[in-house]
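The residues making up each chain are set out below.
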Amino acid sequence: MLTYVARRLLALPLILLAVTFLIVLVMQLIPPEQRAAAYAVNLEQLSRVPEIIRANHLDGSVFVQYGLWLKEAVVGNLGFSRTSGLPVLETLRSYFPATLELALFALVPLVALGVWLGGHAAVHRNRAPDTVIRVFAVLGYSIPSFVLGVWLLVIFYGALGVLPGNGNQSNDISLQLATDPMRRYTHLLTIDALLNGRLSVFWDALLHLVLPVLTLLVVSSAGLIKGTRASMIEALSSDYIRTARAKGVAERQVIGRHARRNALLTVTTLVALSVSGLLQGAVLAETLFGYPGVAGWAARAAAQGDLPGVLGFALLTATVVVLVNLLADLTYTLVDPRVRYT
């Protein structure tokens, strides 16, 4: 087991090198003059574009530019983000907790709802519950997340006015925290609010999470529902299920102890993929709802040609995806003791 984990962790630097090099390579498609304009903060600097190109080696080959970035990255300097006005590493530390909080609040109901609905559809295959759940999954696949997000904003923020539509805290709470700050234990607003006994801050932060979480939940749950349904149908069609039923085992035990347990291997993989999907969906959700997370900042960095910012976000997401998939592989041994890694 330890050997397997060590091999996977040793592969992480190679994955990060490949991801970041591809990003630098794609950025090469943008002419140096346009990339240089992103370095200018005023009209005077715009008149010195050739100097900016030479100073930042924007006219060099992709290997030259990547080599210069990598030389600094290995010592912990990921560069300066013009989008945030801060070093990239400090920007990631500042924005990541909000995205992590959003992902956690979306992941728990995503797994619970996706697995339950998929299993329920399989148990009631070709009946009314199965049809309703499959329609819901198809709608989740079909509706673009930004369209769903706009609908939710129009209904719950614009028309009904029952939910906030921007940021992660209201102006009143921001003023309250500015005058009476709370101690930050985790840097997750909801958890820190509870730990400080600030229920008004917790409730306000929770309300701001509803719309982005609901957007991510509807769109991301479709794949998990369909995958769980297919895995459960396969399990329910197996010989050991027919044998259990022939022995008179209660249907609840057949489904819960035998079919669902054997379907969990596939479900674990789908959950790991859902985490990657949440990170991708967070880019749009944070942009649409003005949520102050790292994904929204990365979207702005990409739009402004902020290469250090884009590379920093790529390092973060690639690391998270690799670690989540490693965790999923290790979970297989808990779900099925027959699985062994060497």
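Remember, it's a predicted structure, so these values are computed and weren't measured experimentally.

Some remarks on the overall build of the protein chain
Along the backbone of the protein chain there are 15 helices and 2 strands. In the protein chain, which comprises 342 residues, the share counted as buried stands at 42%. About 18200 Å² of surface is accessible on the protein chain, with carbon and sulfur atoms providing 66% of the total.

Considerations on helix H14 (residues 294–303)
For H14, the set of buried residues is Val 294, Ala 295, Gly 296, Trp 297, Ala 298 and Ala 301. Where H14 ends, the next residue or the one after it, Gly 305, has phi of about 70°, a positive value.

Some words on the pattern of salt bridges
The full count for this structure, using the stated rule, is 3 salt bridges. Here Asp 130 and Arg 229 are joined by a salt bridge, their closest N and O atoms 2.8 Å apart. Taken together, the residues Asp 130 in helix H7 (residues 128–142) and Arg 229 in helix H11 (residues 199–236) connect sequence positions 99 residues apart. Residue classification places Asp 130 among the buried positions, given a relative accessible area of 0%. Connected through shared salt-bridge partners, Asp 130, Arg 134 and Arg 229 make up one network.

A few points about the side chain of Asp 204
With respect to the helices and strands, Asp 204 occurs in helix H11. Here Asp 204 occupies a buried position and makes no salt bridge, while the nearest side chain of opposite charge, Arg 184, is found at 10 Å. Here Asp 204 is in contact with Asn 168, Gln 169, Ser 170 and Ile 173, once residues within four sequence places are set aside.

Side note on the packing of helix H6 (residues 88–123) against H11
At a closest axis distance of 6 Å, the pairing of H6 and H11 adopts a crossing angle of 35°. In the packing of H6 onto H11, the handedness of the crossing is right-handed. The residue inventory of the contact of H6 with H11, partitioned by class, reads 23 nonpolar, 6 polar and 2 charged.

A word on a nonpolar patch on the surface
Among the surface-exposed residues, Val 150, Trp 151, Val 154, Ile 155, Leu 160 and Val 162 lie close enough to one another that they form a single nonpolar patch of about 560 Å² accessible area. Relative to the elements of secondary structure, Ile 155 occurs in helix H8 (residues 145–159). Looking at Ile 155, the relative accessible area reads 41%, which means it is partly exposed.

Some thoughts on unusual backbone geometry
Here Asn 126, not a glycine, exhibits a phi torsion of approximately 65°, which is positive. For His 187, which is not a glycine, the phi torsion comes out positive at approximately 65°.

Some words on the environment of Val 62
Along the chain, the position of Val 62 falls in helix H5 (residues 62–73). Residue classification places Val 62 among the buried positions, given a relative accessible area of 10%. Along the primary structure Val 62 and Phe 21 are separated by 41 residues, whereas in three dimensions their C-alpha atoms are 8.4 Å apart. The residues touching Val 62, leaving out its near neighbours within four places in the chain, are Phe 21, Val 24, Leu 25 and Gln 28.

So, the nonpolar core
Note that soluble globular proteins tend to have their nonpolar side chains buried in a common cluster. Among the nonpolar cores identified, the biggest contains 27 residues, and Ile 23, Trp 69, Leu 78, Leu 92 and Trp 297 are the most heavily contacted of them. Looking at this core, the elements with two or more residues in it are helix H1 (2–27), H5, H6, H14 and helix H15 (307–335). Per-element tally for this core: the top contributor is H15, with 9 residues. Dropping the residues within four chain positions of it, Leu 78 is found in contact with Trp 69, Ala 73, Val 88, Leu 89, Leu 92, Pro 308 and Leu 315. In this structure, Ala 98, Ala 106, Leu 148 and Leu 209 belong to the second largest nonpolar core, which totals 23 residues.

Some thoughts on the packing of aromatic side chains
Summed over the entire model, instances satisfying the criterion amount to 4 aromatic pairs. Between Tyr 95 and Trp 297 the ring centres are 6.3 Å apart and the planes differ by 10°, which places this aromatic pair in the stacked class. Of this pair, Tyr 95 sits in helix H6 while Trp 297 sits in helix H14, and the two are 202 residues apart along the sequence. With a relative accessible area of 0%, Trp 297 lands in the buried category. Among the aromatic residues, those joined into a cluster by ring pairs are Phe 21, Phe 63, Tyr 66 and Trp 69.

Section: the confidence of the model for the protein chain
Taken as a whole, the protein chain shows an average pLDDT of 81; of its residues, 89% reach a score of 70 or greater. Per-element confidence in the protein chain is highest for helix H10 (residues 189–195), whose mean pLDDT is 92, and lowest for helix H3 (residues 43–46), whose mean pLDDT is 62.

A look at the packing of H7 against H11
The geometry of H7 relative to H11 is characterised by a closest axis approach of 7 Å and an angle of 135° between their N-to-C directions. Taken together, H7 and H11 sit at an angle that is classed as oblique. Seen from above, H7 lies across H11 with left-handed handedness. When H7 is examined against H11, the residues Asp 130, Ile 133, Arg 134, Phe 136, Ala 137, Gly 140 and Tyr 141 are found in contact with a partner set consisting of Val 218, Val 219, Ser 221, Ala 222, Gly 223, Ile 225, Lys 226 and Arg 229.

Quick notes on H6
With 36 residues, H6 extends 49 Å between its outermost C-alpha atoms, agreeing within 8% with the 52 Å of an ideal straight helix rising 1.5 Å per residue. At Phe 96, H6 shows its maximal bend, which comes to roughly 35°, and the proline Pro 97 appears one to four places after that position.

Procedures and definitions
- Residues numbered from 1 in each chain as written.
- Predicted model: local features only at pLDDT ≥ 70, side-chain atom pairs only at ≥ 80, totals over all residues.
- Heavy atoms only, no water.
- Helix = DSSP H or I, 4+ residues; strand = E, 2+ residues; numbered from the N terminus.
- Buried < 20%, exposed > 50% of the residue type's maximum accessible area, 1.4 Å probe, protein only.
- Areas by Shrake-Rupley, 256 points an atom, 1.4 Å probe, with all protein chains shown as cover.
- Salt bridge = Lys/Arg side-chain N within 4 Å of Asp/Glu carboxyl O.
- Lys, Arg positive; Asp, Glu negative; His and termini not counted.
- Contact = heavy atoms within 4.5 Å.
- Axes fitted to C-alpha atoms, helices over the stretch in contact; angles between N-to-C directions.
- Left-handed = near helix turned anticlockwise from the far one by under 90°.
- Nonpolar A, V, L, I, M, F, W, Y, C, P; charged D, E, K, R; others polar.
- Patch = residues over 30% accessible without salt bridge, like charges linked within 9 Å, V, L, I, M, F, W, Y side chains within 5 Å.
- Core = buried A, V, L, I, M, F, W, Y, C linked by side-chain atoms within 4.5 Å.
- Phe/Tyr/Trp six-rings, centres within 6.5 Å; stacked < 30°, edge-to-face > 60°.
- pLDDT = per-residue confidence, 0-100.
- Parallel < 35°, antiparallel > 145°, perpendicular 65-115°, else oblique.
- Expected span 1.5 Å × (residues − 1).
- Bend = angle between axes of the 7 residues up to and from the residue.

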